[in-house]
Amino acid sequence: MSAIPILNQQGQAVGELQVPEALKAPPSASEALVQAVVTIRANGRAGTACTKNKGEVAGHGKKPWRQKGTGRARAGYRRSPIWRGGGVVFGPKPRSYAKALPRKQARLALRKAVWDKFAAGEVRVLDSLVLDKPKTGELAGILRNLKADRGALVVIESVSRELALAARNLPRVEVARPGDVNALQVLKYPLLVITRAGLERLQERLTDREAST
């Protein structure tokens, strides 16, 4: 893969960066990426949906009318699921949707997501990202300079208080550290904005020598 420019906060090129080959993922990583996304989304589910069955709804067991002679269908109790306000048949109950994802598979999925962003030209590498004041407009201006105002995941080695406060009012912007970012976050946003130091830390995380940490 060819070199990509390193930009400053004004969107001007100040150097070039060769995309690390260590980030390249094998074709088989696509399945790992799918499983990672499914697992992350499943683990984010609350699992609190709950309905009442016929034994839990309020009501009594008295027959609404006698068994024969009325011309209507037989009915035993008003809590029956066929009645309005009755119990729900096979309705949801609180449960856990949590899934386990092996660490190596999660790392491979993240490599695949990041490499695809590089291959599609959807990565902006910054020399640094520093805000003197927690100003949302200032951060929005930087993203406009990078042509990332449609939405971006900003990965930086250390998230300052000023950056966190400036980003929280931007609806299509998320800030994360290299050690916390996951594959779904990378796929969720149109662009990946990452500092040079953040890319180095992410590379360390994704290489095999860091697998045990």
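Everything quoted here is computed from the prediction, not taken from an experiment.

## Observations regarding the overall build of the protein chain
Next up, step 1: Within the protein chain, the regular secondary structure consists of 6 helices and 6 strands.
Next up, step 2: Ordered by position from N to C terminus, the α and β elements of the protein chain give β-β-α-α-β-α-β-α-β-α-β-α.
Next up, step 3: Its C-alpha atoms give the protein chain a radius of gyration of 27 Å, clearly above 17 Å, the size a compact globule of 213 residues would have.
Next up, step 4: Across its three principal directions, the C-alpha atoms of the protein chain cover 90 × 40 × 30 Å.
Next up, step 5: Each of the 213 residues in the protein chain was classed as buried or not, and the buried ones make up 35%.
Next up, step 6: Residue pairs at least 24 apart in sequence account for 66% of intrachain contacts in the protein chain once pairs closer than 6 positions are excluded.
Next up, step 7: Surface summary for the protein chain: the accessible area is close to 12900 Å², and the carbon and sulfur share equals 50%.
Next up, step 8: In the protein chain, the 38 positive side-chain charges and the 18 negative ones have mean positions that sit 22 Å from each other.

## Some words on the pattern of salt bridges
Next up, step 1: Under the defined criterion, the tally for this structure stands at 5 salt bridges.
Next up, step 2: The closest approach of N and O atoms between glutamate 122 and lysine 117, which form a salt bridge, is 3.3 Å.
Next up, step 3: Among the residues examined, lysine 117 registers a relative accessible area of 7% and is labelled buried.

## Overview of the nonpolar core
Next up, step 1: Counting 29 residues, the largest nonpolar core has Phe118 and Leu153 as its most contacted members.
Next up, step 2: The set of elements that each furnish at least two residues to this core consists of strand 1 (4–7), helix 1 (29–43), helix 2 (103–119), strand 3 (123–126), strand 4 (152–155), helix 5 (183–188), strand 6 (191–195) and helix 6 (196–206).
Next up, step 3: With 6 residues, helix 2 is the largest single contributor of residues to this core.
Next up, step 4: Setting aside residues no more than four positions away along its own chain, leucine 153 makes contact with Glu174, Ala176, Val181, Gln185, Val186, Tyr189, Leu191, Leu192 and Val193.
Next up, step 5: With 20 residues, the next largest nonpolar core counts Ile142, Leu143, Ala148 and Leu170 among its residues.

What counts, and where the lines are drawn
- Residues numbered from 1 in each chain as written.
- Predicted model: local features only at pLDDT ≥ 70, side-chain atom pairs only at ≥ 80, totals over all residues.
- Heavy atoms only, no water.
- Helix = DSSP H or I, 4+ residues; strand = E, 2+ residues; numbered from the N terminus.
- Rg over C-alpha atoms; globule rule 2.2 N^0.38 Å.
- Buried < 20%, exposed > 50% of the residue type's maximum accessible area, 1.4 Å probe, protein only.
- Contact = heavy atoms within 4.5 Å.
- Areas by Shrake-Rupley, 256 points an atom, 1.4 Å probe, with all protein chains shown as cover.
- Lys, Arg positive; Asp, Glu negative; His and termini not counted.
- Charge placed at Lys NZ, Arg CZ, Asp CG, Glu CD.
- Salt bridge = Lys/Arg side-chain N within 4 Å of Asp/Glu carboxyl O.
- Core = buried A, V, L, I, M, F, W, Y, C linked by side-chain atoms within 4.5 Å.

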